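# Structure at a glance
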2 protein chains.
Amino acid sequence: MPLQNPRVAIVGATGAVGTELIACLQERKFPLSSLRLFASERSAGRTLAFRDQGLPVEVLTEDSFAGIDLALFSAGSGTSRRFAPAAVRHGAIVVDNSSAFRMDDAVPLVVPEVNAAALAAHNGIVAVPNCVAIIAAVPLWPLQQAFGITRLIAATYQAASGAGAAAMAELRASTGAYLAGRPFSPTVLRHPYAFNLFSHDTPVDPETGANDEETKVGRELRKIMRTPELPIGVTCVRVPVLRAHCIALTLELPHPVAPDAVRAILAAAPGIRIVDDAEQNHFPMPNEASGQGDILVGRIRRDSSDPSGRTIAMFVAGDQLLKGAALNAVQIAERLLL
Amino acid sequence: MPLQNPRVAIVGATGAVGTELIACLQERKFPLSSLRLFASERSAGRTLAFRDQGLPVEVLTEDSFAGIDLALFSAGSGTSRRFAPAAVRHGAIVVDNSSAFRMDDAVPLVVPEVNAAALAAHNGIVAVPNCVAIIAAVPLWPLQQAFGITRLIAATYQAASGAGAAAMAELRASTGAYLAGRPFSPTVLRHPYAFNLFSHDTPVDPETGANDEETKVGRELRKIMRTPELPIGVTCVRVPVLRAHCIALTLELPHPVAPDAVRAILAAAPGIRIVDDAEQNHFPMPNEASGQGDILVGRIRRDSSDPSGRTIAMFVAGDQLLKGAALNAVQIAERLLL
């Protein structure tokens, strides 16, 4: 049964994604009948603005979901594992930004441009994919539909926001200290971040050598696109950028395809803006992706490592907090209204 | 005839690489009998320190090379094209950091760890490769020797220093302005650089879609490693880092090779330091590569996009100004003494 003017809760309302969830609901005039904001005890008591109102931030408990129709979770997988079942028991539909349920066969993992139809089968929980998986899936899917992708190699340039508001603050603070010649000890991230980059700071599987982020991106892309056999190799790297991810994508197709044909397909696909002006050397950049809902796609060309012409390279940028998280969650919620 | 206690000139002595050339000659106790420093009129008249002396920076003319045995050029390809022949006419050997002569069949293109033997055939000019090509060649060459590489895909994370001292200053200044909320208009680079990244700002070939940097990396790697048929696909990206480049390398071998075997070969190869501690999540980073002569190599693993096991992924970092330019030039000069 579609949701109508739902009573909405945001769990993790004071975080980097939570803040954007509130903004997305407001900007997109989401037809909610009420909004409640939840966070941990540390943040409770604050007041956040929504539609010229000040809404109190409340402490989350298992009883918080009484009278809630739609709960948008963005407070880490521990909170989702603990509280999402309670929300479902109270009759709410959960749209979860964490990785807690993404690979659960009973949970749709949804990028609306790709697999909105999967929403029909939810059992109370819908998962929002990993940010890199979303930002890659939007341009990959039209090519998967048109040609079928046979292999994918990706190298990421990931922003601080993926590690939360505290990591964004640490990037600013450590960079300011560096420029002032002051020492700085990181407390949020494992490595110095000022004018530095590092392999994604999630645990590395000693068997495969992949870090958790890389493993997530591969398996989530396969689930979203329903390509269980697609071989995917990813290198995930954090760069000193605040809130938009970039990805260098190299994808193999079953037969040679002209870059112009790829560009035309992507230009006609939803959620994509082509930024591919060779003459002006203007291609996707984080500063232009920030604050935008679309994924920027450019540098579309034949990959010169494959003389057969079957491999296409491109470079994409997307706002990690918007399409990579909050916007995708709200777009899912909008589909649940239909 | 080997050089003995040569009289050395540095052309472009005040630039980012020139400054490092002076430092490398001093730190490595290069056995020169005299050093003269040249730059454009704008920089002439300054005094730079070398071995507790103050050396004047002189204006470069075609007569500057009288009495010079070894000229280290780092002032752009225009200056190299104009003045390197004059230096050779005066009997000097030129070691050129620019791209002017790199693809000239009569000019050796040398990374000493890879192809020092090519120095025997020089006709007065030896070329230092593009910084990305050097930093990639050092770890690729031992694997090329051991197995033969059949395909290479690379995505770069390039520092400001590749665009010179002014670009490094612009990265600092624009970032400081961003943090202070002040507007900033770039004058050195084409795009905003504070907490931003962009596709390498060299012209894009409308035929191939590759930018000049990508084209250089491919053709120079093929020349250095004497692998004229090796298919190489590169995506070159500038990131907000000051002076060390990183590269995500994906390389295909003729048969499956265990990552441990790759690691052992690289650990025994010259110019490489393995930084591959999965437990501590410690891998190559620009801040640790900066000021180091070695290329840091880590994230050595099977690339999961190739189920055959023939493809290896790794992540490398190298100081763009040292091994990527000045140090490699001085190492070439040291070989010319032998």
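If you're wondering where the values come from, they're calculated on a predicted model, not measured in any experiment.

For the rest of this paragraph, the subject is the overall build of chain A. Helix and strand counts for chain A come out as nine helices and 15 strands. Here the C-alpha radius of gyration of chain A, 20 Å, is about what a compact globule of 338 residues would show, namely 20 Å. In chain A, which comprises 338 residues, the proportion classed as buried is 58%. The long-range share in chain A, meaning contacts at least 24 apart out of those at least 6 apart in sequence, stands at 66%.

Residue and element names in this part refer to chain A. The domain architecture assigned to chain A consists of domain 1 (7-129 + 325-337) and domain 2 (133-320). Contacts between the two partners involve 14 residues from domain 1 and, on the opposite side, 19 residues from domain 2. Those elements that place two or more of their residues in the side of domain 1 that touches domain 2 are helix H3 (112-115) and helix H9 (322-337).

On the side of chain A, 53 residues touch chain B, which itself brings 53 residues to the contact. For the side of chain B that touches chain A, the secondary-structure elements that each account for two or more residues are strand E8 (151-157), helix H5 (165-180), strand E9 (198-199), strand E10 (232-235), strand E12 (244-252), helix H8 (286-289), strand E14 (295-302) and strand E15 (311-319) of chain B. At five residues, E8 of chain B tops the list of elements feeding residues into the side of chain B that touches chain A.

Moving on: the sheet that holds strand E5 (residues 70-73) of chain A. Residue and element names in this part refer to chain A. The strand order across the open sheet formed by seven strands is E3-E4-E2-E1-E5-E6-E7, and the pairing between neighbours is mixed. Edge positions in the sheet fall to strand E3 (47-50) and strand E7 (125-127), since each of these pairs with one other strand and no more. Neighbour to neighbour, the strand axes of the sheet diverge by 25° on average, direction disregarded. Where H9 meets the sheet, it contacts E5, strand E6 (93-96) and E7, and its direction lies at approximately 155° from that of E6.

Copy one and copy two of the chain differ by a rotation about an axis and a translation along that axis. In screw terms, the move from chain B to chain A is a rotation of 180° and a rise of 0.0 Å along the axis, fitting with an RMSD of 0.0 Å. As the rotation angle and translation indicate, the two copies are arranged about a two-fold axis. Residue by residue, 100% of the interface of chain B is reproduced at the interface of chain A, so both copies engage with the same surface.

Moving on: the sheet that holds strand E1 (residues 7-11) of chain B. Within a sheet, adjacent strands bond to each other through the backbone by hydrogen bonds, running parallel or antiparallel. All names here are of chain B. An order of E3-E4-E2-E1-E5-E6-E7 is seen for the seven strands of this open sheet, with the pairing classed as mixed. Sheet topology places strand E3 (47-50) and strand E7 (125-127) at the edges, where each strand pairs with a single neighbour. Direction aside, neighbouring strands of the sheet carry axes that sit 25° apart on average. The pairing of strand E2 (residues 34-39) with strand E4 (residues 53-59) spans three bridges and is parallel. Bridging across to E4, Phe38 finds its partner in Glu58.

A few words now on helix H9 (residues 322-336) of chain B. Maximum bend of H9 of chain B: about 40°, positioned at Asn328 of chain B. Counting buried residues along H9 of chain B, twelve of its 15 residues qualify, which places the element largely inside the surrounding structure.

Residue and element names in this part refer to chain B. Here Ile149 shows up in the loop between helix H4 (131-146) and E8. C-alpha separation for the pair Ile149 and Ala169, spaced 20 residues apart in sequence, amounts to 38 Å. Once residues within four sequence positions are removed from consideration, Ile149 is found in contact with Leu140, Leu143, Gln144, Leu230, Leu251, Glu252 and Leu253.

Moving on: helix H5 (residues 165-180) of chain A. Given 3.6 residues per helical turn, the α-helix brings residues three or four places apart onto the same face. Taking 1.5 Å as the rise per residue, H5 of chain A with 16 residues should run 22 Å; its terminal C-alpha atoms sit 23 Å apart, in good agreement. What H5 of chain A keeps buried is the set Ala167, Met168, Glu170, Leu171, Ser174, Thr175 and Tyr178 of chain A. Looking straight down H5 of chain A, one finds its buried side chains confined to an arc of 160°; they lie on one side. Those residues of H5 of chain A that are buried are in contact with helix H1 (16-27) of chain A together with H5 of chain B.

Let's shift gears to the nonpolar core. Among the nonpolar cores identified, the biggest contains 234 residues, and Ala137 of chain A together with Ala137 of chain B are the most heavily contacted of them. Residues within four places of Ala137 of chain B in sequence aside, it is in contact with Val111, Val114, Leu221, Ile224 and Met225 of chain B.

Residues and elements named next belong to chain A. Their axes nearest at 9 Å, the elements helix H4 (residues 131-146) and helix H7 (residues 259-267) cross at an angle of 115°. In this structure, the crossing between H4 and H7 has a hand that is right-handed. In this structure, H4 uses Pro139, Pro142, Leu143 and Ala146 to contact H7, whose residues at the interface are Val262, Ile265 and Leu266.

All names here are of chain B. Of all the nine residues making up E12, eight are buried; the element is thus mostly covered by neighbouring parts of the structure. Where E8 and E12 come together, seven bridges link them in antiparallel fashion. Residue Leu152 lies in a different strand from E12, and its bridge partner there is Leu251. Sheet analysis places E12 next to E15, joined by nine bridges and oriented antiparallel. Bridge pairing in E15 places Glu252 opposite Thr311.

For Gly124 of chain A, the position within the fold is in the loop between H3 and E7. Residues Gly124 of chain A and Val107 of chain A, spaced 17 residues apart in sequence, show a C-alpha to C-alpha distance of 8.2 Å.

Residue and element names in this part refer to chain B. Residue position: Ser98 is located in the loop between strand E6 (93-96) and helix H3 (112-115). C-alpha of Ser98 to C-alpha of Glu58: the two residues are 40 residues apart in sequence and 20 Å apart in space. Other than its neighbours up to four places away in sequence, Ser98 contacts Phe73, Gly76, Ser77 and Ser80.

Residue and element names in this part refer to chain B. Closest axis-to-axis distance for the helix H1 (residues 16-27)/H9 pair is 9 Å, and the angle between their directions is 45°. The angle between H1 and H9 falls in the class oblique. When you trace H1 past H9, the crossing you get is right-handed. Across the interface between the two elements, Val17, Glu20, Leu21, Cys24 and Leu25 of H1 pack against Leu322, Ala325, Ala326, Leu327, Ala329 and Val330 of H9.

Turning our attention to unusual backbone geometry. Residues and elements named next belong to chain B. Residues other than glycine seldom take positive phi values, yet Asn5 does so here, at roughly 35°. Relative to the elements of secondary structure, Asn5 occurs in the segment before E1. Despite not being glycine, Arg51 shows a phi value in the positive range, around 45°.

Summarising the model, chain A shows a mean pLDDT of 97, and 100% of its residues fall at 70 or more. Here the complex is predicted with pTM 0.98, and the ipTM for its interfaces comes to 0.97.

Quick notes on the rules
For every chain, the first residue of the written sequence is number 1, and numbering continues from 1 onward in sequence order. Chain letters start at A and ligand numbers start at 1, both assigned in the order the entries are written. Reporting in this predicted model follows two pLDDT cut-offs: at least 70 for local features of residues, and 80 or more for side-chain atom pairs to be given and counted; totals over whole chains, interfaces and linings ignore these cut-offs and use all residues. Working definition: helices are DSSP H or I runs of at least four residues, strands are E runs of at least two. Numbering for both runs from the N terminus. Radius of gyration here uses only the C-alpha atoms, and the compact-globule reference equals 2.2 Å multiplied by the residue count raised to the power 0.38. Every C-beta atom is placed from the backbone, and the number of other C-beta atoms within 10 Å of a residue's own sets its class: buried at 20 or more, exposed at 12 or fewer, partly exposed in between. Throughout, a pair of residues is in contact if the C-beta atoms placed from their backbones lie within 7 Å. Boundaries between domains were set according to an automatic or database domain assignment. In this scheme, strands are said to pair when DSSP sees at least two bridges between them. Here the axes come from fitting lines to C-alpha atoms, over the contacting stretch only for helices, and the angles between their N-to-C directions go from 0 to 180 degrees. The atoms used to superpose the copies are C-alpha atoms, taken from residues with pLDDT of at least 70 in both, and the fit is least squares. The seven residues ending at a residue and the seven starting there each receive a fitted axis; the angle between those axes is the bend at that residue. The span you would expect from a helix comes to 1.5 Å times its residue count less one. Working note: the arc is built from the helix axis to C-beta atom directions. For this entry, the nonpolar core is defined as buried Ala, Val, Leu, Ile, Met, Phe, Trp, Tyr and Cys residues connected by C-beta atoms within 7 Å. Throughout, a crossing is termed right-handed when the near helix is turned clockwise from the far one, and left-handed when it is turned anticlockwise from it by less than a right angle. Note that the term roughly parallel is reserved for angles under 35 degrees, roughly antiparallel for angles over 145, roughly perpendicular for angles of 65 to 115, and oblique for everything else. Every residue carries a pLDDT, the predictor's confidence in it, which falls somewhere between 0 and 100.

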